[in-house]
Amino acid sequence: MPRPDLHTRIAQARAQRIDAGRQRVRRTVARRDGVRCEVLDRDGKSRWLVNFCSNDYLGLSQHFAVVNALQEAASRHGAGGTASHLVCGHHALHEALERELADWIGAPRALLFGSGYTANLGVLQALLGEDDVCVQDRLNHASLIDAARLSGCRMRRYPHLDAEGALRQLRTVPEGAAMLVTDGVFSMDGDVAPLRELSLVARTQRALLYVDDAHGIGVLGPDGRGSVADAKLSSGNTGVLQLATLGKALGGYGAAVLGAQDVIEHLAETARPYIYTTSLPPAQAAASLAAVKLARTEHWRRDKLQTGIAHFRRLATRHGLELLPSDTPIQPLLCGSDVRAVAMAQALETQGYWVAAIRPPTVPEGRARLRVALSALHTTADIEGLVEALARANDEVRGVDISGDASAPAHRGIAEHTEHDGARN
Ligand SMILES: *Cc1c(COP(=O)(O)O)cnc(C)c1O
């Protein structure tokens, strides 16, 4: 066989994606004003949509105190970190943010990473090797799957939310060190991991429990401390390691791993995605520091968010819309086929609402959905308007194929979340 030509292969793969209606297209946002944003079309026209797909759950990304902190720190300290943390990129603002995060979440130590994605790569790569096992929920985020691959460990997956399944998988690999890994709040489903049961399983199997709390931080638990605190566990003391990301409820960019002193020090000295990369811009750390202070004290944001979630679910149910079970800001409406999910999203956009259609491989085959994401900034009128638009869209696409098959006509793609790989394995 001759060596394949990569350009030919790429062209074929792209043609296949277009045939299957699975091309991914970015939408360009020209301006943001709270939950409203101006989206550019390809023909240069633009329109304002009410945004129901951002992860800015507490509405902090444009908060004046957060933006001021960023501007002020940038004017003093510059735009970039200038080097990795271990060379000369570790700034007092990074140090202050790590302390604030550890104090808030209630963990002995925190370590900043460039993003949640690289933090996950770093944690699994630094802690696990070839002889070890990583047991993961089937619907874990794609970065955790990639992280297990990078570490070279053996990976086993258990049915979604099934603590007994996790126990069985841990028992099948009794030798080597073990890590039990789960999303705290599942990014495409909005449900919450059974952390108390999982922590018990981890303890009996001498496994470290690692909770990726990208969607729990700021939203769940006392003072928004996340899903671990909500389950009355704590990071660090009971063999729990936790990921907090700064790009979702905290409205900025970056991430932190929280846990016991020795684990954090080991990560700082050995995690390649920590060592071989430039530190976060100190100004970004200053912005997150301001955001954490707001998130931990302004309880009204969480209260308003919860009221909005309950209102949305009540209204949706009244309109006969079948939502997946979730009490978090992530409220998925299952559509089944890709075509249907995309048709629904387009019908919503026509009515002025932006909701992401999420298709495989981000979610398993036949489980395409609309992922409605609520924010503390949505008003009652926004939510009521969305539910009415959803009901109308649902009527409009009733005729559209619901068989769950992916062979759709080419259509304009809808921007999506990161690849989740939930269908694999
Ligand atoms: C978004 C997300 C990540 C990645 O975090 P970034 O900071 O955006 O890189 C990791 N895990 C989960 C569950 C996520 O939803």
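Bear in mind the structure is a predicted one, so any value in this text is a computation, not a measurement.

> Sorry, what's going on with the packing of aromatic side chains here?
We describe a pair of aromatic rings using the distance from one ring centre to the other and the angle between the two ring planes. Applying the stated criterion to the full structure yields two aromatic pairs. Summarising the aromatic geometry, the rings of Phe52 and Tyr353 are spaced 6.2 Å apart at their centres and angled 40° between planes, so their arrangement reads as tilted. Pair noted here: Phe52 is in the loop between strand 3 (46-51) and helix 2 (64-77) and Tyr353 is in strand 12 (residues 353-354), with a separation of 301 residues, a long-range link. Owing to a relative accessible area of 0%, Phe52 belongs among the buried residues under this scheme. Both rings, one in Phe113 and one in Tyr274, keep their centres 5.4 Å apart while their planes meet at 65°; by these two values the pair is edge-to-face. Taken together, the positions of Phe113 in strand 4 (residues 109-113) and Tyr274 in helix 11 (residues 272-275) put the pair 161 residues apart, joining distant regions of the chain. One exposure class covers both Phe113 and Tyr274, and it is buried.

> Would you mind showing me how to read the nonpolar core here?
Soluble globular proteins tend to bury their nonpolar side chains together. Counting 72 residues, the largest nonpolar core has Leu101, Leu250, Phe312, Leu348, Leu370, Leu386 and Leu390 as the members making the most contacts within it. Looking at this core, the element that brings in the most residues is helix 12 (residues 282-297), giving 10 residues. Leu121, Leu124, Ala148 and Leu241 belong to the second-largest nonpolar core, a separate cluster that totals 28 residues.

> Quick question: what am I supposed to make of the pairing of strand 7 (residues 178-183) here?
Walk down a regular strand and you will see the side chains alternate between the two sheet faces. Burial analysis of strand 7 places six of its six residues in the buried class, which makes it a mostly covered element. Relative to strand 7, strand 5 (residues 133-137) runs parallel, the two being bridged by four bridges. Residue pairing across strands places Val133 opposite Ala178, the latter belonging to strand 7. As paired strands, strand 7 and strand 8 (residues 207-212) are joined by six bridges and run parallel to one another.

Parameters and conventions
- Residues numbered from 1 in each chain as written.
- Predicted model: local features only at pLDDT ≥ 70, side-chain atom pairs only at ≥ 80, totals over all residues.
- Heavy atoms only, no water.
- Phe/Tyr/Trp six-rings, centres within 6.5 Å; stacked < 30°, edge-to-face > 60°.
- Helix = DSSP H or I, 4+ residues; strand = E, 2+ residues; numbered from the N terminus.
- Buried < 20%, exposed > 50% of the residue type's maximum accessible area, 1.4 Å probe, protein only.
- Core = buried A, V, L, I, M, F, W, Y, C linked by side-chain atoms within 4.5 Å.
- Pairing = 2+ DSSP bridges.

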